[in-house]
Amino acid sequence: MGNAPSENPCNFTPQEMKRLYRSFKKMDKDQSGDLEIDEFLSLPELSQNPLVRRVVQIFDKDKNGTISFEEFVNGLSALYSDNENAKLEFAFKVYDIEDDGYISNGELFSVLKMMVGTNLTEIQLQQLVDRTIIKADEDFDGKISFEEFKKMVKDLDVAQKLTLSPI
């Protein structure tokens, strides 16, 4: 079940926690105390985002298929944080589907496929993935570590793009 805004693991102010809790309760259409993927997808601003399912998986720390209020707050904390490394870790997790600390060729293909849909053929997408892995993989182990990922995206301003406005 979802928790009331008593715990604050992310340094949100009490007022921000109350706003987050109100937003959480509003999203919780079935009033179960947890958010399911369909409740996220019911929001117009998220319904067309191809990575929503992946982000929900990242928020779902206990892997039970729903997001508690605590998981919701913890998940959002990286996006509201001033900590660039926390934002990069979040971005890395989007691609690290197996949660093993590396982005494999297959994981990169899967996430990019979510993002590009049918705009590229499977062959074009695989070529893009292969080029990306070759370019980023400094230790030649066939996968991208977090350190390699940070170097790869350093000029893309990923942390700034992952910043949410104040609550």
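These remarks concern the structure in this document. Remember, predicted model here, so these are calculated numbers, not experimental data.

For the protein chain, the helix and strand inventory stands at 10 helices and 2 strands. Starting at the N terminus and ending at the C terminus, the protein chain contains elements arranged as α-α-α-α-α-α-β-α-α-β-α-α. Taking 2.2 N^0.38 as the reference for a compact globule, 167 residues should give roughly 15 Å; the C-alpha atoms of the protein chain span a radius of gyration of 17 Å, in line with that estimate. Principal-axis analysis of the C-alpha atoms places the extent of the protein chain at approximately 45 × 30 × 25 Å. Split into buried and exposed, the 167 residues of the protein chain put 37% on the buried side.

What follows concerns the packing of helix α1 (residues 14-27) against helix α5 (residues 69-80). Their axes nearest at 11 Å, the elements α1 and α5 cross at an angle of 120°. Classified by the angle between their axes, α1 and α5 sit oblique to one another. Two packed elements cross with a definite hand, and for α1 against α5 that hand is right-handed. Counted together, Met17, Leu20, Tyr21, Phe24 and Met27 of α1 and Phe69, Phe72, Val73 and Leu76 of α5 form the full contact between these two elements. Classifying every residue of the contact of α1 with α5 gives 9 nonpolar, no polar and no charged.

Attention shifts here to the packing of helix α6 (residues 84-95) against helix α9 (residues 146-153). With their axes 10 Å apart at the nearest point, α6 and α9 run at an angle of 105° to one another. Considering their axes alone, α6 and α9 lie roughly perpendicular with respect to each other. Across the interface between the two elements, Asn85, Leu88, Glu89, Ala91, Phe92 and Tyr95 from α6 touch Phe146, Phe149, Lys150 and Val153 from α9. Across the contact of α6 with α9, the residue classes tally to 7 nonpolar, 1 polar and 2 charged.

Here we come to the packing of aromatic side chains. By the definition in use, this model includes 9 aromatic pairs. Geometrically, the ring pair formed by phenylalanine 12 and tyrosine 80 is edge-to-face, given 5.8 Å between the ring centres and 80° between the ring planes. Taken together, the positions of phenylalanine 12 in the segment before α1 and tyrosine 80 in helix α5 put the pair 68 residues apart, joining distant regions of the chain. Phenylalanine 12 gets classed as buried once you look at its relative accessible area, which sits at 7%. Note on tyrosine 80: relative accessible area 25%, which makes it partly exposed. An angle of 35° between the planes, with centres 6.5 Å apart, marks the rings of phenylalanine 69 and phenylalanine 72 as tilted. With phenylalanine 69 and phenylalanine 72 both in helix α5 and 3 residues apart, the pair spans about one turn of that helix. Among the aromatic residues, those joined into a cluster by ring pairs are Tyr21, Phe24, Phe69 and Phe72. One residue, lysine 143, lies across the ring of tyrosine 102, its end atom 4.3 Å from the ring centre.

Looking now at the pattern of salt bridges. Across all of its chains, the model carries 4 salt bridges by this definition. Its salt-bridge partner being lysine 113, residue glutamate 122 comes within 3.3 Å of it at the nearest N-O pair. Classification of lysine 113 as partly exposed rests on a relative accessible area of 27%. One salt bridge connects aspartate 155 with lysine 154, and the closest N-O pair in it is separated by 3.8 Å. In this pair, the class of aspartate 155 matches that of lysine 154, namely exposed.

Procedures and definitions
Residues numbered from 1 in each chain as written. Predicted model: local features only at pLDDT ≥ 70, side-chain atom pairs only at ≥ 80, totals over all residues. Heavy atoms only, no water. Helix = DSSP H or I, 4+ residues; strand = E, 2+ residues; numbered from the N terminus. Rg over C-alpha atoms; globule rule 2.2 N^0.38 Å. Buried < 20%, exposed > 50% of the residue type's maximum accessible area, 1.4 Å probe, protein only. Axes fitted to C-alpha atoms, helices over the stretch in contact; angles between N-to-C directions. Parallel < 35°, antiparallel > 145°, perpendicular 65-115°, else oblique. Left-handed = near helix turned anticlockwise from the far one by under 90°. Contact = heavy atoms within 4.5 Å. Nonpolar A, V, L, I, M, F, W, Y, C, P; charged D, E, K, R; others polar. Phe/Tyr/Trp six-rings, centres within 6.5 Å; stacked < 30°, edge-to-face > 60°. Lys NZ or Arg CZ within 6 Å of the ring centre and 35° of its normal. Salt bridge = Lys/Arg side-chain N within 4 Å of Asp/Glu carboxyl O.

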